[in-house]
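Below are the chains, spelled out letter by letter.
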Amino acid sequence: MAQRLKFTDSAIAQLLTPADRKRVEYADTEITGLRLRVSPHGVKTFSLLRRVRQGPMERLTLGRFGDIKTEQARTQALVLIGKVAGGANPAELKRAHKGEPTFAKLFAEYVERHAKPNKRTWREDQQKYRDYLARPLGKKKISRIGRADLAAIHSAITRAGHSTVANRVKDLVSSVFGWAIASGYLDSNPAKGIKDNKEKSRKRFLKPGELPRLFAALDGEPNANFSDYFLLALLTGARRNNVVAMRWSDLDLERGEWVIPMTKNGEPQRVPLVPEAVAILEARKEAAAEGARYVFPAARSDSERGHMSGERKAWLRLLDRDEIGQLRQRIEAKNAKADGGDSEQPVQTLQRLRNLAKRLKIDTDGARLEDIRIHDLRRTMGSWQARTGASLAIIGKSLGHKSQQATAIYAQLDLDPIREAMETATAAMLRAAKQQPAANVHPMKKRA
């Protein structure tokens, strides 16, 4: 006989493991048929008991307490009760519930059937899933995912300091559930109603005093693929995904042009290559394997993409390397020893120097290039064009921006004034970075 209990999260959490090691069942006082079983091991599971006409009693498992909350169990129970009242067979509902996909399975189907055919950014969707959604949602049945679950994920990403990313992850989940509704899996979207964080347009770019630090950190990069990649991202002003997927067939080094077949705007883009960029590409072509397709080929022949990956981690290493150099200078200025052991890893060096600077009461403000991302290299090219007198139309065309107001102006521009503006901006950046002029700067020295 089930014991009657008004189900609440707090009341259920306080239920003890049965002393006699036998399963105990509780009946909710609010919804007829909603039950909670507590196993001999303390596992608490929601279920719904229901029958049609004079048929046998059927039990439909709703989920474990902890995976779902009481209100979610009530919502699921009411939905099922409504279906049974409409003539659905509980046994068939039970079989359908067992066959319901997990979020991981739903997401994989969404990627194959919707994202890949329709979204150029489907790989970014996969990255967001791996980073933020796989662990909290992957194993859950989709009907057990509620607004509270998604709001908690949105809040956690926001608290970690990534408010814009939190919004994009929420948008992705909403898109997945919207597709699930259109595909007949669900009737409602649990992501609806979650309020977005306020977003500010980023204005970050590398300033004159920061450019020498960037080039010094690039000189210390052990992998020339990444150092060349970051330089080309800066010198072309192109989006990072376009640079990493650059193909030899899209380049005309004699004319100094790169044609991006498809950009974020859904259109191809012609990019003038400044002499410094051409020098990097010529050196890479000379060293490239015969028949190579990508300028930055994947390290593994079985790579799904075919081109290099891992640029985000390389960027963080670059920032760490710059901070190590800055801390060394400040520590040695205090006549203190900054060197460590030969076997010390960079991450260990960074932490040791941070601790040492703290003990020596050294001001570390500005020791790290804060809030600077790979995409800001693109913004840096545009900002330095503005500094050197380029018009907004020229800057927009060079960066591949698209707007209704600018379309008519862009259509009238050829590459010559754009190339001139980019070369002028590049020269100014290199002077600020204390680098050699024109094509004498880089390619970066090759490393073993």
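These figures come from a predicted structure and were not determined experimentally. (Residues numbered from 1 in each chain as written. Predicted model: local features only at pLDDT ≥ 70, side-chain atom pairs only at ≥ 80, totals over all residues. Heavy atoms only, no water.)

### Some words on the overall build of the protein
For the protein, the helix and strand inventory stands at 17 helices and eight strands. The C-alpha atoms of the protein give a radius of gyration of 29 Å, which is well past the 22 Å a tight globule of 448 residues would have. Along the first, second and third principal axes, the C-alpha set of the protein runs to 90 × 60 × 45 Å. Within the protein, buried positions represent 44% of all 448 residues. Counting contacts in the protein only where the partners sit at least 6 residues apart, residues at least 24 apart contribute 62% of the total. A total accessible area of about 24,700 Å² is found for the protein, and carbon and sulfur atoms account for 49% of it. For the protein, the centre of its 82 positive side-chain charges and the centre of its 52 negative side-chain charges are spaced 8 Å apart. (Helix = DSSP H or I, 4+ residues; strand = E, 2+ residues; numbered from the N terminus. Rg over C-alpha atoms; globule rule 2.2 N^0.38 Å. Buried < 20%, exposed > 50% of the residue type's maximum accessible area, 1.4 Å probe, protein only. Contact = heavy atoms within 4.5 Å. Areas by Shrake-Rupley, 256 points an atom, 1.4 Å probe, with all protein chains shown as cover. Lys, Arg positive; Asp, Glu negative; His and termini not counted. Charge placed at Lys NZ, Arg CZ, Asp CG, Glu CD.)

### Some words on the pairing of strand S7 (residues 257-260)
Where strand S6 (residues 251-252) meets S7, two bridges bridge the pair, whose relative direction is antiparallel. When the bridges of S7 are listed, Leu251 appears paired with Trp258. Between S6 and S7, which pair antiparallel and follow one another directly, the connecting turn spans four residues, one of which, Gly256, has a positive phi of 70 degrees. Bridge analysis of S7 against strand S8 (residues 269-272) gives four bridges, and the strand direction is antiparallel. By the bridge assignment, Trp258 is partnered in S8 with Val271. (Pairing = 2+ DSSP bridges.)

### Brief notes about helix H9 (residues 224-236)
Relative to the 18 Å expected for 13 residues at 1.5 Å per residue, H9 spans 18 Å between its end C-alpha atoms, a close match to the ideal helical length. In terms of burial, H9 is a largely internal element, twelve of the 13 residues being buried. For H9, every residue scored as buried is listed here: Ala224, Phe226, Ser227, Asp228, Tyr229, Phe230, Leu231, Leu232, Ala233, Leu234, Leu235 and Thr236. Sitting at the amino-terminal end of H9 is Asn223, which places a side-chain oxygen 2.8 Å from the backbone nitrogen of Asn225. Once H9 ends, the next one or two residues include Gly237, with phi positive near 70 degrees. (Expected span 1.5 Å × (residues − 1). Polar contact = N/O pair within 3.5 Å; in protein donor to acceptor, adjacent residues only side chain to side chain.)

### Re the nonpolar core
Across soluble globular proteins, nonpolar side chains have a tendency to be buried as a group. Ranked by size, the top nonpolar core spans 56 residues in total, and within it Leu214, Phe230, Leu251, Trp258 and Trp315 carry the most contacts. Excluding anything up to four places from it in sequence, Phe230 contacts Leu218, Glu311, Ala314, Trp315, Leu318, Ile374 and Leu377. (Core = buried A, V, L, I, M, F, W, Y, C linked by side-chain atoms within 4.5 Å.)

### A short note on helix H17 (residues 415-432)
Owing to its 3.6 residues per turn, the α-helix brings residues three or four apart onto one side. Over its 18 residues, H17 extends 25 Å from the first C-alpha to the last, a length consistent with the 26 Å expected when each residue adds 1.5 Å. All buried positions along H17 are accounted for by Leu415, Ile418, Arg419, Ala421, Met422, Ala425, Thr426, Ala428, Met429, Leu430 and Ala432. Directly after H17, the chain includes Lys434, whose backbone phi takes a positive value near 60 degrees.

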